[in-house]
Amino acid sequence: MSKESSYGRKNLLISIVFAALIFFLSIKLDPYNQGQLAVALMMFIGILSIVLLTGASGQISLGQGALMAVGGFAAALSILNLGFSIWFAIIAAVLAALVAGLLLGIAAARLSGPYLAGTTLVIALAIPSLATRFDSVFAGDVGLNIDFGNPPGWLTSLMGEVGYEQWQLLATLPFAALALFFTANILSSRTGRSWRALRDHEIAASLAGVKISETKIFVFVISSGFAGLAGVLYGLRGIVGPSVYPISLSLMLLTGAVLGGIRSIIGALIGAILVVFLPDLIEWLMGFLSPSEQVANYLPAMISSLLLILTVVLNPGGIAAGLHHKKRRH
Amino acid sequence: MDIFLSAIFSGTSRGAIYALAALGLVLVWRGAGVVNFAQMGQAMFSTYIASTLIAHNYSYWIAFIVALISGGALGALVDLAVMRPLGRKRSSSFLDSPAMRSTVPVIASLGILGVLQAAAGIIWAAEERGFPTPVNSLGLVIGGKSMPFTAFDLFVMGIVFLTLAATTYFFKGTGMGLAMRASALNPEVARLSGIRIGFVRTLSWTISGVASSLAGLLVTPSANLSPNTLDLILIIGFTAAVVGGLDSLLGSVIGGFALGLLISFVNVYDAPEDIFLAILIVLLTVLIIRPQGILGSKGVRRV
């Protein structure tokens, strides 16, 4: 017990330091990069959902984008139809995603490996298509407009002028820090150990008293909550619609998770920053070579896919595993 | 009644193509124990090669043969460059649990899909192109009455049954087929019996590559060719393979036709937007009620 509460204090400290670092970084950045960093934090929350699901418990999902869509739509509908403030809408979104995760988990607990991957891939395509099917509710391809609104008065009186991109970043930051704290606590607790036991050896885990099906469903529920949170924040950038949560979003989250290190929280942060800023970096580098338009369009996808293959084949633990490895040698 | 008949015929001819895609997935699953999510990306790539040849005034049949060869070569390349090195890492701490061993190749195949789609975009500018058929694709006229199916539909179905017969004979009737089944069932014992596992695996990737490039060649006349066109075929092919039982060749073909009919009926009597939902419902129903599929191997099977 005392050991776990000391972990909790350490995790709280790390989360506060994380929030402070991003906060000071946000002041130094220009509006474009503030917006990009906000997206990176949203991806960080989304990738944490994969760290919990795939990294910790060994279940794969190619449908995290669909759960993000559930969060986004729940928030948009509660803001536009019920007049919720964005903070209550975020809570509604997470609750909706938890319910969706429960349903998904009940179906998914029976599946593993390629079966689970294929099923979640179909889900990633089917859920957003519901938005066009019932377009009187979900506004179809046009999408529903929601946004972060204006920064509150106390913030502007405290910090002076706060631009819209900076407000996006500052509104996202507490949720990212909360997600970090929550994930770190789960992974270092008894719950996290039972998830890892499930991943490493199902039979041994069940002999040690881990309830297999219940635990798998529980992992899906928690992971979906994270995805829903990422989804509502992503939608609050301006629009919620099927084109905002395409299948490529799910694959981008998975790519980020694997590149950074699928079993590591730091890896999730590295991966999120990579997938968001890599296209900018490539574009900047391309500026010196002035390639044709088609090369410029497809090069980011090419490079991130190549990195994904190389990581899986050469260094499956991702960048974070490389960091830990070096640390251990000292 | 006419609508019903034409739904049946279009469903059967589309189903034949889904059957080929499912067959390709089953071949790699049986031979190497991997569900290849890059499969239709490979097919897209080889179809672009054929399309380029046709644009340079080569005949359809030369382009057809070249596409099949390049499809097979691409399958072999995927195995040699990615899957075999990945298999060698099975002793690493990251891949030491069954859950991760079945998950990591899926991630790798998604990476391959991304590379192929980006490469096609860079090489062929991602322009949508049409693709010709080798035979007439207007309704056949028999006894003065226009039929709801075309010569091309008959051609597609002929190819599917030919492929099914050839692969079934290969698995059941030849020594190499036996070696493939053995190495998928128990790699260690197969290796000890003198089977060259690596070669056998690469061979099944190659055959699957040929089968899926066939699917690509036959489906593109009715859908324009672009780097992403065949993604839908992968989803349907996967569902068809699961419906049939992921390790049964005949089952996957039956699954393909069943899915073809289902999608055709959803298209005609409901709305095209519901296709994904229908696929999802079929997939979940099969996985929950009969996880081994229609013809999958019996016995306790954890999916």
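Once a new chain begins, its residue numbering starts again from 1 and follows that chain's sequence as written. To read the labels, note that chains go from A and ligands from 1, taken in the order they are written. Given that the model is predicted, a residue must reach a pLDDT of at least 70 before its local features are reported, and side-chain atom pairs must reach 80 or more before they are shown or counted; all residues, however, enter totals for whole chains, interfaces and linings. With hydrogens and water stripped out, all remaining heavy atoms of the structure feed into the side-chain values.

K.L.:
Is there a simple way to think about the overall build of chain B in this case?
P.N.:
For chain B, the count of helices and strands is eleven helices and two strands. The order of helices and strands in chain B, counted from the N terminus, is α-α-α-α-β-β-α-α-α-α-α-α-α. A compact globule built from 303 residues would reach a C-alpha radius of gyration of about 19 Å, and chain B, at 19 Å, matches this within 12%. Dimensions of chain B, computed from the C-alpha atoms along their principal axes, are close to 65 × 45 × 35 Å. Here, two residues are considered to be in contact whenever any of their heavy atoms come within 4.5 Å of each other. Taking the intrachain contacts of chain B between residues at least 6 apart in sequence as the baseline, contacts between residues at least 24 apart amount to 73%. Surface exposure of chain B reaches about 12,300 Å², of which carbon and sulfur atoms provide 67%. Helix and strand definitions here come from DSSP, where helices need a minimum of 4 consecutive H or I residues and strands a minimum of 2 consecutive E residues; each element is numbered from the N-terminal end. As a reference, a globule follows 2.2 Å times the number of residues to the power 0.38, and the radius of gyration itself is taken over C-alpha atoms. Only the protein chains shown count as cover for residues, with accessible areas throughout obtained via the Shrake-Rupley method and a probe of 1.4 Å.

K.L.:
Looking at this structure, how should I read the overall build of chain A?
P.N.:
From N to C terminus, chain A includes 15 helices and two strands. Taken over the C-alpha trace, chain A has a radius of gyration of 20 Å; the compact-globule value for 330 residues is 20 Å, and the two agree within 12%. Along the longest, intermediate and shortest principal axes, the C-alpha atoms of chain A span 55 × 50 × 45 Å. In this scheme, a residue with accessible area under 20% of its type's maximum is buried, one over 50% is exposed, and one in between is partly exposed, where area comes from a 1.4 Å probe on protein chains only. A burial count over chain A gives 55% of its 330 residues as buried.

K.L.:
Where do I start with the packing of helix H2 (residues 31-56) of chain A against helix H12 (residues 247-260) of chain A in this structure?
P.N.:
To characterise two packed helices, one gives the angle between the axes of the helices and the distance between these axes. Residues and elements named next belong to chain A. Axis angles are defined between N-to-C directions and span 0 to 180 degrees, where every axis is a line fitted to C-alpha atoms and, for a helix, only to the segment in contact. Contact pair H2 / H12: the axes reach a minimum separation of 9 Å and the direction vectors enclose 75°. Taken together, the axis directions place H2 and H12 in an arrangement best described as roughly perpendicular. For the pair formed by H2 and H12, the contact residues are Met43, Gly46, Ile47 and Ile50 on the first element and Leu249, Met252, Leu253, Leu254, Gly256 and Ala257 on the second. Of the residues that constitute the contact of H2 with H12, the class distribution is eight nonpolar, two polar and no charged. Comment on the angle field: the value is read as roughly parallel under 35 degrees, roughly antiparallel over 145, roughly perpendicular from 65 to 115, and oblique elsewhere. Put simply, Ala, Val, Leu, Ile, Met, Phe, Trp, Tyr, Cys and Pro go in the nonpolar bin, Asp, Glu, Lys and Arg in the charged bin, and everything else, Gly too, in the polar bin.

K.L.:
It is not clear to me how the side chain of A:Asn11 should be interpreted in this structure. Could you clarify?
P.N.:
Mapped onto the fold, A:Asn11 is located in helix H1 (residues 2-28). When residues no more than four places from it in sequence are discounted, the contact partners of A:Asn11 are A:Phe181, A:Ala184, A:Asn185 and A:Ser188.

K.L.:
Before we go on, may I ask you to explain the side chain of B:Ser46 in this structure?
P.N.:
Residues and elements named next belong to chain B. Residue position: Ser46 is located in helix H2 (residues 39-55). Given the relative accessible area of 1%, Ser46 is considered buried. N or O atoms closer than or at 3.5 Å make up a polar contact, with two conditions inside protein: a donor-capable atom paired with an acceptor-capable one, and, for residues adjacent in sequence, both atoms drawn from side chains. In terms of polar contacts, Ser46 uses its side chain to reach the backbone carbonyl oxygen of Ala43, at 3.1 Å. Discounting chain neighbours no more than four positions away, the residues touching Ser46 are Ala67, Ser70, Gly71 and Ser213.

K.L.:
Would you take a moment to explain the packing of aromatic side chains for this structure?
P.N.:
The geometry of two aromatic rings is summed up by the distance between their centres and the angle between their planes. In this analysis, rings of Phe, Tyr and Trp, with Trp reduced to its six-membered ring, are considered paired at centre separations within 6.5 Å, and the interplanar angle assigns stacked below 30 degrees, edge-to-face beyond 60, and tilted for intermediate values. A complete count under the given rule lists 23 aromatic pairs over all chains for this structure. Measuring from ring centre to ring centre gives 5.6 Å for A:Phe18 and A:Phe44, while their planes differ by 40°; the resulting arrangement is tilted. With a gap of 26 residues between them, A:Phe18 in helix H1 and A:Phe44 in helix H2 connect regions that are remote in the sequence. Exposure class is identical for A:Phe18 and A:Phe44. Each is buried. Three or more aromatic residues joined by ring pairs make a cluster, and in this case those are B:Tyr60, B:Trp61, B:Phe64, B:Phe131, B:Phe152 and B:Phe155. The ring of B:Phe171 carries the charged tip of B:Arg30 above its face, separated from the ring centre by 4.4 Å. Both a distance and an angle decide whether a charge sits over a ring: NZ of Lys or CZ of Arg must be within 6 Å of the ring centre and within 35 degrees of the ring normal. Sitting over the ring of B:Phe199, B:Arg196 keeps its end group 4.9 Å from the ring centre.

K.L.:
I keep staring at the interface of chain B and chain A and nothing clicks. Help me out?
P.N.:
Interface size is often expressed as the accessible area that is lost when the parts come together. Each partner contributes to the interface: chain B provides 55 residues, whereas chain A provides 46 residues. Buried area adds together the accessible area that both of two parts lose upon being put together, with accessible area traced by a 1.4 Å probe. In total, about 4,400 Å² of surface goes out of reach between chain B and chain A, with carbon and sulfur atoms giving 75% of it. Between Lys or Arg on one side and Asp or Glu on the other, a salt bridge is scored when a side-chain nitrogen of the former is within 4 Å of a carboxyl oxygen of the latter. On the surface where chain B and chain A come into contact, there are zero salt bridges. Where chain B packs against chain A, one counts one residue pair in polar contact (both at pLDDT 80 or more). At the level of secondary structure, the elements contributing two or more residues to the side of chain B that touches chain A comprise helix H3 (60-88), helix H4 (98-124), helix H9 (231-244) and helix H11 (275-289) of chain B.

K.L.:
Just checking my understanding: could you explain unusual backbone geometry for this structure?
P.N.:
As a rule of thumb, non-glycine residues mostly have phi less than zero, and peptide bonds are mostly trans rather than cis. Located in the positive-phi region is B:Asn57, a residue other than glycine, with phi close to 70°. Its location among the elements puts B:Asn57 in the loop between H2 and H3.

K.L.:
Sorry, what's going on with the confidence of the model for chain B here?
P.N.:
Caution applies to low-pLDDT parts of the model: their predicted coordinates are not meant to be read in detail. Looking at chain B as a whole, its pLDDT mean stands at 84, while 91% of the residues score no less than 70. The quantity known as pLDDT measures the predictor's confidence residue by residue, on a range of 0 to 100. Low pLDDT (under 50) marks residues 299-303 of chain B, which in the prediction has twelve contacts with non-local residues, meaning those over four places away or in another chain.

K.L.:
Explain helix H5 (residues 151-173) of chain B here, please?
P.N.:
Structurally, the α-helix is built with 3.6 residues per turn, so residues lying three or four positions apart point the same way. Given a rise of 1.5 Å per residue, 23 residues ought to cover 33 Å, and the 32 Å separating the end C-alpha atoms of H5(B) matches this to within 8%. All of the buried residues along H5(B) are B:Phe152, B:Asp153, B:Phe155, B:Val156, B:Met157, B:Ile159, B:Val160, B:Thr163, B:Leu164, B:Thr167 and B:Phe171. How far a helix is expected to stretch is found by multiplying one less than its residue total by 1.5 Å.

K.L.:
Any chance you could explain a nonpolar patch on the surface here in plain terms?
P.N.:
Two distance rules govern patches: like charges are joined within 9 Å, and nonpolar side chains (Val, Leu, Ile, Met, Phe, Trp, Tyr) within 5 Å, applied only to residues with over 30% relative accessible area and no salt bridge. Taken together, the side chains of A:Leu82, A:Phe84, A:Phe88, A:Ile91 and A:Leu95 present a nonpolar region at the surface, about 520 Å² in accessible area. Structurally, A:Phe88 is set in helix H4 (residues 86-108).

K.L.:
Help me understand the confidence of the model for chain A, please; the structure alone is not making it clear to me.
P.N.:
For chain A, per-residue confidence averages 87 on the pLDDT scale, and 96% of positions sit at 70 or higher. The secondary structure element of chain A with the lowest average pLDDT is helix H15 (residues 318-329) of chain A, at 68, and the one with the highest is helix H11 (residues 212-235) of chain A, at 94.

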